[in-house]
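Listed here are the chains, written in short residue letters.
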Amino acid sequence: MASVVRSETDLLDFVDTAAIGLHWVAADGTILWANPADYEPLGYTEDQYVGHSITEFHADGDAIQDILRRLKAGERLHNYEARLKCRDGSTRSVLITSSVRHDEHGEFVHTRCFTVDVSDRRPQGVELQVEALNREVERLRVLASRERGLVDAILTQSPYGIIVSDAAGQLTLHNKAAESIWAGSATAGSVAEWAKYRAFHGDGRPYDAQDWGMARALAHRQVVEPAEIRIERFDGSRGFLLGGAAPIFRADGELDGAVSMFTDITKFKLQEDRRRFLVDAGALLASSLEYGRTLATVARLAVPGIADWCTVDIAQPGGVLERVAVAHVDPSKVRWVEELEKRYPADAQTAVGAHEVVRSGKPQLIHEIPDQLLIQSALDDDHLRLIRELGLRSAMIVPLSCRGRTLGAITFVSAESRRIFGADDLTFAEELSNIAALALDNARLYHEAQQANRAKDEFLATVSHELRTPLNAMLGWATLLRTRNLSEAKREQALLTIERNARAQSQLIEDLLDVSRIISGKLRVEPRSVDLGAIVEAAADSVRPLADAKSVSIQLQLADDARHALGDPYRLQQVVWNLLSNAVKFSIERGSVMVVLRRIDAQAEIEVRDQGIGIEPQFLPQIFDRFKQANGATTRSHGGLGLGLAIVRHLVELHDGTISADSSGLNQGSTFRVRLPLSGFQSVQTDVPSTDSRGVAAPRLDGLRVLVVDDEPDARALLTAVLEGHGAVVTVASSVDAALREVQKQLPDVLVSDIGMPGEDGYALIRKLRGSIDPGVRALPAAALTAFARMEDRTRAMYAGFQSHVAKPIDPDQLLMVVAILARRTGGG
């Protein structure tokens, strides 16, 4: 071995490319390592297989526990038969050979398992039995022809059922094996009667007398090769036999009778039929991506092949089960049971039934339904009588589980057929359920994808509308200012309208950015001790102009013992501002909005209550979902992107708080409650963020030299106008190279540079300045100006070498303040 495997790498290459599956399993059942031949036939990737418990992949839970127990006891297993679950819901049959590896102290390290997939091998059971039965029939024929008495000697020894008739076709003899196979006495009647009443073709037609094996052996005096026969046993059950027959001759050559030998192949036929059924069911279920049709197909497939009754229940929020499909061969019974269930709803707390199966995720098998169970289930005597009339005999309830979720349950019940379900039936039902669950989940995912696409289209239409609406006002008034000689009052109205709509559009863009941060997990808060009362008052002040325009009063009730909290003042004000804005927006004319800050245990509660249009009950559970609006039509009365409340919920949760909404319905007003943990600190940050910079005196920049770099002429013109309007001396450049030339001509006091420019961008410019050999150039104060306004963009600008970051669209007063601060750092005026 050493001459072939020269290194550990050689060995790993060997096992990775081996055709036989190998895997190592820890003592707790965790798969530690596996080669591709082990997991790829099952449809898994290495990440979906390695690191998971081996119990997740075994169809027989008891079997894998038995394997682990025997291995821990030191036993070596050779060709242990098992069934493994495939990712598509089907199963594969394997032979496993396992042994345990111990360390130098004799402690269990892991098992080493070799897996051989035998699913694709042609089933040998029936074919082998044909050969064996042929040999046995010939042996018995020879013995019987020599001496009839020898037949008696082998009747009790043979594992096959044996029936003997005389030359007239009357059945005269049988063995115990025949009684067992036929479930009762096999001596009554004649060969012709058996052919008529006990044997059937595959489509259910009774055999003609001359088709029956013993009849042909008597008529043609020759051996009849073994063939499959569908039978009805004496107890009423049906099955399949593999039977052959041969004539018996006396010593003088005269016909003495016939002998038939047979073996029960019902199990083999059932496995074959079930395998074919699952393949066909999988193809049929996969062909539909409609949720309801898939579930109806599941029930229809089960009846009558598996059960007399089949019902499908799907789990809904709150533990409620919704009956979505019922099937029975008699449609009138389906309607009768539906009415029965409406009259007597199922008890969700019972330990037997679909509710418990969905809760536990484990199947239930009731071999024979006892009358005591019916008594316990009945709500009254009339209910019990109706249940008994159904004639329920046996039941199986299996979970619809896929990708770690239990979606619902399928119930199979036998009644008219009097069939008793066993462990094999339960396994089959679980396999069908796995396939159905996968198809159901695919249908659900497809449905959700369609909904997401519709929501996306609706959202994009809303975004277009909401962005174009303020743009229309700005462009319209700007055109009038340029082309018409407006009065002073109209000019003032135009400028106020343009400013108001520009701020509204800026807020819409900021909401979109916040949602992007939420989705990417990059939205952060910077908590510190804050005064919630001051935050509420500041938010109310910023919303009051909108409220005054609608004659809506805003009333505040702020409790002193609920003010001290830990939070990000900017984000908390965003929360309160959003709730207040919505309350005013959806309020009636001359209505009122009440904001209450109170203490509840160790939490502060901010309640915003309005008298507006309210919320419909069916929409209330979706009120905090992204892109959701109660009315997304073009005829809606109120604008917005449907993002504000989703952002609010995320911000509240980042503060370890909760938010809820309540409304009695349309035109009944609505109430939003935010709960936040209170802080034990009394030293509170009283400064709250200002909503804009108006009202703050803008600094003078007299004589300050400012270099503005931007590739857009309109942007350069605006920046120049703002800065020169406050005394700055402005030089402009449209590219990095032009900016570097201006710096060489005369070093400015402050640099204001756009980030996004063709060719080399603002990051390239600041890197070149910070890498200059000139100390003055290296220390040049610089502010980044960019439409990229995410937190990571701000951080990147700081790391690149800028001292400040100003987001577009610019607030002129903010820009002036930033430039003044940067200039003061170098002693500028």
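What counts as what
Residues numbered from 1 in each chain as written. Predicted model: local features only at pLDDT ≥ 70, side-chain atom pairs only at ≥ 80, totals over all residues. Heavy atoms only, no water. Pairing = 2+ DSSP bridges. Helix = DSSP H or I, 4+ residues; strand = E, 2+ residues; numbered from the N terminus. Axes fitted to C-alpha atoms, helices over the stretch in contact; angles between N-to-C directions. Salt bridge = Lys/Arg side-chain N within 4 Å of Asp/Glu carboxyl O. Buried < 20%, exposed > 50% of the residue type's maximum accessible area, 1.4 Å probe, protein only. Core = buried A, V, L, I, M, F, W, Y, C linked by side-chain atoms within 4.5 Å. Contact = heavy atoms within 4.5 Å. pLDDT = per-residue confidence, 0-100. Phe/Tyr/Trp six-rings, centres within 6.5 Å; stacked < 30°, edge-to-face > 60°.

We now examine the sheet that holds strand β15 (residues 394–402). Spatially, five strands are ordered β13-β12-β16-β15-β14 in an open sheet, and the strand pairing comes out antiparallel. Both outer strands of the open sheet, β13 (320–328) and β14 (364–366), are each paired with one neighbouring strand and no more. Going across the sheet, the axis of each strand differs from the next one's by a mean of 15°, ignoring polarity. Summarising the sheet, strand β12 (residues 309–316) and β13 pair through eight bridges and their orientation is antiparallel. Bridging from a neighbouring strand, Gln316 pairs with Val320 of β13.

For the rest of this paragraph, the subject is the pattern of salt bridges. Taken as a whole and assessed by the stated rule, the structure comprises 21 salt bridges. A salt bridge links Asp560 to Arg563; the shortest N-O distance between them is 3.4 Å. Among the residues examined, Arg563 registers a relative accessible area of 16% and is labelled buried. As a salt-bridge pair, Lys745 and Glu742 come within 3.6 Å of each other at their nearest N and O atoms. One end of the pair, Lys745, and the other, Glu742, are both in helix α22 (residues 736–745), three residues apart, so they sit about a helical turn from each other. Under the relative-accessibility criterion, Lys745 is labelled exposed at 65%. The structure contains a network of salt bridges with shared partners spanning Arg598, Glu605, Glu607, Arg609, Arg673 and Arg675.

The next subject is the nonpolar core. Counting residues in each nonpolar core, the largest one holds 42 residues, and the members touching the most others are Leu532, Leu579, Leu580, Val593, Ile606 and Val674. Elements represented by at least two residues in this core include exactly α18 (532–549), α19 (569–585), β20 (592–600), β21 (603–610), α20 (644–654) and β23 (671–677). Among residues more than four places away in sequence, those in contact with Leu532 are Ala562, Arg563, Ala565, Leu572, Leu597, Ala604 and Leu676.

As a further point, take the confidence of the model for the chain. When pLDDT drops low, the exact placement of atoms in the prediction is not to be read closely. Averaged over every residue, the pLDDT of the chain is 78; residues scoring 70 or more account for 80%. Averaged pLDDT values over the elements of the chain bottom out at 47 in helix α1 (residues 8–16) and peak at 95 in strand β24 (residues 705–709). Counted against residues more than four places away or in other chains, residues 1–12, with its pLDDT under 50, gives three contacts. Segment residues 825–829: pLDDT under 50, and six contacts once partners within four positions in sequence are set aside and those in other chains are kept.

If you walk through the whole model with that rule in mind, you get six aromatic pairs. Between Tyr39 and Tyr49 the ring centres are 5.9 Å apart and the planes differ by 45°, which places this aromatic pair in the tilted class. Of this pair, Tyr39 sits in helix α2 (residues 36–39) while Tyr49 sits in helix α3 (residues 46–49), placing them ten residues apart in sequence. Using a relative accessible area of 7% as the deciding quantity, one classes Tyr39 as buried.

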